[in-house]
Amino acid sequence: MEKHDIAFIRCLSDLIKADKIIAEKEINFFEQSFNEISKSLSSIEKARNISLQNAIEILQTLPTQKREALIEKFKKLSLSDGACSREEALLILAMAYCLGNKTKENCKIVSVATPQIDFEDSQVLYIEPREDKNINNLINDNHKVLINDFRIGGFDFIYIPQIAEHYSKTDKPILKKIIHYLAPTLSNNETEKVRSELASMTTRYFYNVIIKKRQGLDINITSPAILIKIGNSYVSGIKTSDFLVVKIDKSFCLKVRQLIDDFLSFQCNPIITIKNYTQSPGNFVYTGFYKTIFDLVTLRETQRNTLTFRYKNCDIIIDGDPSKTLRMSPAETAIYQFIILQSLSENKGFSVSKIGRDGLDRLQNSFIDLYKKYKGEHPARVPIITDRSTLNPYISKIRKAINECTYLSDKNLYLPTVVKIDTNDKSAKTVYVSIDGELVYEQ
């Protein structure tokens with residue numbers, strides 16, 4: 001049980017330091033709890049070498065009764081000095097949601113090295129690796145309601161398309177003047193690129209490119225979620241940012257109200273500060289998330305390579321340069337392109353799970369149509385890609401070719417990834433590539 005004790009100590013330690021005030025009664029509570037589980041001071045040192053994410057993942061393996069008991073201990077610690085601060089309540093909310101029986105399957109804590117540009121604790125950000133039209137329609141229909149519900153808890157709900165829409169309606173010359181003023185080292189072309197990026201940004205692009213690629217934050221989600229910054233901590237002396245990730249579905253609005261109610265219930269006499277930053281014609285808000293997103297976009301972007309699938313040559317060239325090729329066989333090339341096309345479509349990836357015989361036939365026929373472009377109207381042998389035993393070796397070869405390619409600046413952006421799409425069915429999986437459509441061409 002030592003690893004569970006160390007994980008428990010890590011959580012207690014983070015709670016004590018959450019509000020930047022270490023009270024005598026909190027230390028007394030910590031010592032009492034520590035003496036109940038460990039007699040070695042080395043446990044405290046070991047706890048400092050694991051992240052909050054690791055600690056919670058370890059505690060999630062405990063039986064329900066023990067997890068519930070831990071949540072109560074965390075609550076008692078926060079109240080041991082007579083008050084539970086907002087910072088402590090935010091941390092307890094995350095721990096309770098990740099350890100609670102009803103919520104732990106849809107929640108997780110992610111701990112990452114603090115990025116170059118950090119997020120504020122009051123910001124709630126909607127993220128998605130691939131566009132989910134149903135959830136986006138739900139958010140658009142209830143956007144004002146969601147903003148107001150989150151504000152009750154003192155949070156700013158950030159929905160990227162709404163911000164992009166404002167920039168798209170702003171007069172281009174004015175916006176370029178403002179960008180040039182805030183980032184004077186940018187060239188005219190770079191200034192226009194920033195303006196265009198702000199005005200056309202999608203949530204998928206923000207997650208895959210801005211958060212994952214430029215910031216290096218691998219939140220590792222496969223479906224829509226909200227991201228809440230819950231604090232900073234240190235792991236082996238390295239500053240770390242901790243986030244609560246909550247999966248969302250069609251009951252998003254109801255879950256938000258429950259989340260805010262739970263959060264406020266942990267606090268003692270909560271004082272809510274509501275920030276009201278509103279963009280308007282002729283004004284450019286440069287604070288809160290508006291500043292965050294601007295700073296993120298103006299970061300120098302590492303090169304994103306384009307892929308051109310050439311049917312006549314049966315190959316893939318990089319950045320439009322015929323001397324830079326991604327070495328694959330014609331079959332591998334066609335399968336790779338098909339997976340990318342499926343990833344960019346409403347299917348959100350290539351999956352053969354739970355689609356029936358007709359669905360399998362439609363997928364295979366679509367692939368045959370693509371394969372003919374490479375091998376002619378009557379190809380001798382067409383891989384049966386709806387058969388996993390046939391598909392998996394091809395995926396392995398495609399990944400190997402990408403990893404061995406020296407021309408790609410960020411291989412993770414191009415690698416096919418296999419992920420589960422149903423936690424109750426281990427065989428339910430999809431294959432997708434998190435590449436933007438603007439990087440893919442055919443010839």
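Source: prediction; values computed, not measured. (Residues numbered from 1 in each chain as written. Predicted model: local features only at pLDDT ≥ 70, side-chain atom pairs only at ≥ 80, totals over all residues. Heavy atoms only, no water.)

A. Focus on the overall build of the chain. In terms of regular secondary structure, the chain is built from 17 helices and 11 strands. For the chain, the proportion of its 443 residues judged to be buried stands at 51%. Taking the contacts inside the chain whose residues are at least 6 apart along the sequence as the reference set, 69% of them involve residues at least 24 apart. Summed over all atoms, the accessible surface of the chain reaches about 21,900 Å², with 50% contributed by carbon and sulfur. (Helix = DSSP H or I, 4+ residues; strand = E, 2+ residues; numbered from the N terminus. Buried < 20%, exposed > 50% of the residue type's maximum accessible area, 1.4 Å probe, protein only. Contact = heavy atoms within 4.5 Å. Areas by Shrake-Rupley, 256 points an atom, 1.4 Å probe, with all protein chains shown as cover.)

B. Inspection of the packing of aromatic side chains at higher detail. Evaluation of the coordinates by the stated rule reveals 10 aromatic pairs. On the numbers, 5.0 Å between centres and 75° between planes, the contact of Tyr 311 with Tyr 374 is edge-to-face. In this pair, Tyr 311 is assigned in the loop between strand S6 (307-310) and strand S7 (315-318) and Tyr 374 in helix H16 (residues 356-375), connecting sequence segments 63 residues apart. The exposure classification of Tyr 311 matches that of Tyr 374, with both residues buried. Grouped by ring-pair contacts, the aromatic residues Phe 338, Phe 350, Phe 367 and Tyr 371 constitute a single cluster. When the ring centre of Phe 155 is taken as origin, the NZ or CZ atom of Arg 86, which lies over that ring, is 4.7 Å away. Across the ring face of Tyr 432, the terminal group of Arg 130 is positioned such that the distance to the ring centre comes to 4.3 Å. (Phe/Tyr/Trp six-rings, centres within 6.5 Å; stacked < 30°, edge-to-face > 60°. Lys NZ or Arg CZ within 6 Å of the ring centre and 35° of its normal.)

C. Quick look at the confidence of the model for the chain. Per-residue confidence for the chain gives a mean pLDDT of 83; residues scoring 70 or more make up 89%. Averaged pLDDT values for the elements of the chain fall to 70 in strand S9 (residues 417-420) and rise to 94 in helix H7 (residues 133-141). (pLDDT = per-residue confidence, 0-100.)

D. Molecular detail of unusual backbone geometry. Positive phi is not limited to glycine here, since Cys 314 has a value of about 55°. Along the chain, Cys 314 turns up in the loop between S6 and S7.

E. Spatial organisation of helix H8 (residues 143-152). Residues of H8 that are buried: His 143, Leu 146, Asp 149 and Phe 150. For H8, the angular spread of the buried residues around the axis is 130°, confining them to a single face. Looking at the buried residues of H8, the elements they touch are strand S2 (123-127), H7, strand S3 (156-158), helix H9 (160-169), strand S4 (225-235) and helix H13 (252-266). Two residues or fewer after H8 comes Gly 154, characterised by a positive phi angle close to 80°. (Arc of directions from axis to C-beta.)

F. Seen up close, the nonpolar core. Among the nonpolar cores identified, the biggest contains 61 residues, and Phe 74, Phe 150, Phe 157 and Phe 252 are the most heavily contacted of them. A per-element tally of this core places helix H6 (residues 86-99) first, with 11 residues. When residues no more than four places from it in sequence are discounted, the contact partners of Phe 150 are Val 124, Phe 155, Phe 157, Ile 226, Phe 252, Val 256 and Ile 260. In this structure, Leu 307, Cys 314, Tyr 371 and Ile 385 belong to the second largest nonpolar core, which totals 40 residues. (Core = buried A, V, L, I, M, F, W, Y, C linked by side-chain atoms within 4.5 Å.)

G. Spotlight on the packing of helix H10 (residues 172-182) against helix H11 (residues 188-200). Here H10 crosses H11 at 115°, and the two axes come no closer than 9 Å. Crossing hand, H10 versus H11: right-handed. Note on element contacts: H11 touches H10 through Thr 191, Glu 192, Val 194, Arg 195 and Leu 198, opposite Lys 172, Leu 175, Lys 176, Ile 179 and His 180. For the contact of H10 with H11, the per-class residue count stands at 4 nonpolar, 2 polar and 4 charged. (Axes fitted to C-alpha atoms, helices over the stretch in contact; angles between N-to-C directions. Left-handed = near helix turned anticlockwise from the far one by under 90°. Nonpolar A, V, L, I, M, F, W, Y, C, P; charged D, E, K, R; others polar.)

H. Region of interest: helix H15 (residues 330-344). Taking 1.5 Å of rise per residue, the 15 residues of H15 would be expected to cover 21 Å, and the 21 Å separating its terminal C-alpha atoms lies within 8% of that figure. A large share of H15 lies buried, amounting to 12 of its 15 residues. Along H15, the residues that are buried comprise Ala 331, Glu 332, Thr 333, Ala 334, Ile 335, Tyr 336, Gln 337, Phe 338, Ile 339, Ile 340, Gln 342 and Ser 343. (Expected span 1.5 Å × (residues − 1).)

I. Region of interest: the sheet that holds S3. What the 5 strands build is an open sheet, ordered S1-S5-S4-S2-S3; its pairing is mixed. Strands at the two margins of the open sheet, each flanked by one partner only, are strand S1 (107-113) and S3. The average angle at which neighbouring strand axes cross in this sheet is 30°, direction not considered. Summarising the sheet, S4 and strand S5 (residues 238-247) pair through 10 bridges and their orientation is antiparallel. Directly across from Tyr 234, in S5, lies its bridge partner Lys 239. Packed on one face of the sheet, helix H4 (residues 52-59) meets S1, S4 and S5 and runs near 150° to S1. (Pairing = 2+ DSSP bridges.)

J. Spotlight on the state of the cysteines. Taken as a whole, this structure holds 0 disulfides when the rule is applied. This cysteine, Cys 11, is not joined by any disulfide, and Cys 98 carries the nearest cysteine sulfur, 9.7 Å off. (Disulfide = S-S within 2.5 Å.)

K. A look at the packing of H6 against H13. Where H6 meets H13, the closest approach of the two axes is 8 Å, and the angle between their N-to-C directions is 130°. The angle between the axes of H6 and H13 places the two elements in the oblique class. Of the two possible hands of crossing, H6 and H13 adopt the one that is right-handed. Taking contact as the criterion, the partners of Arg 86, Ala 89, Leu 90, Ile 92, Leu 93, Ala 96 and Tyr 97 in H6 are, on H13, Gln 258, Leu 259, Asp 262, Phe 263 and Phe 266. Residues that form the contact of H6 with H13 fall into these classes: 9 nonpolar, 1 polar and 2 charged. (Parallel < 35°, antiparallel > 145°, perpendicular 65-115°, else oblique.)

L. Highlighting the side chain of Asp 14. By the secondary structure assignment, Asp 14 is in helix H1 (residues 2-17). When residues no more than four places from it in sequence are discounted, the contact partners of Asp 14 are Leu 52, Leu 91, Ser 233 and Asp 242.

M. Main features of the environment of Ala 7. Its place among the elements puts Ala 7 in helix H1. Counting along the chain gives 49 residues from Ala 7 to Ile 56, while the straight-line C-alpha distance between them is 7.0 Å. Those residues in contact with Ala 7, other than ones at most four positions away along the chain, are Ile 50, Ala 55, Ile 58 and Leu 59.

N. Looking closely at the sheet that holds S7. Across the sheet, 4 strands lie side by side as S8-S7-S6-S11; this open sheet has mixed pairing. Two strands bound the open sheet, and with one partner strand each, they are strand S8 (321-326) and strand S11 (440-442). Within this sheet the neighbouring strands show an average axis-to-axis angle of 40°, counted without direction. With 3 bridges connecting them, S7 and S8 associate as antiparallel partners. What sits directly across from Ile 316, in S8, is Leu 326. Lying over the sheet, H15 contacts S6, S7, S8 and S11, oriented at roughly 125° with respect to S6.

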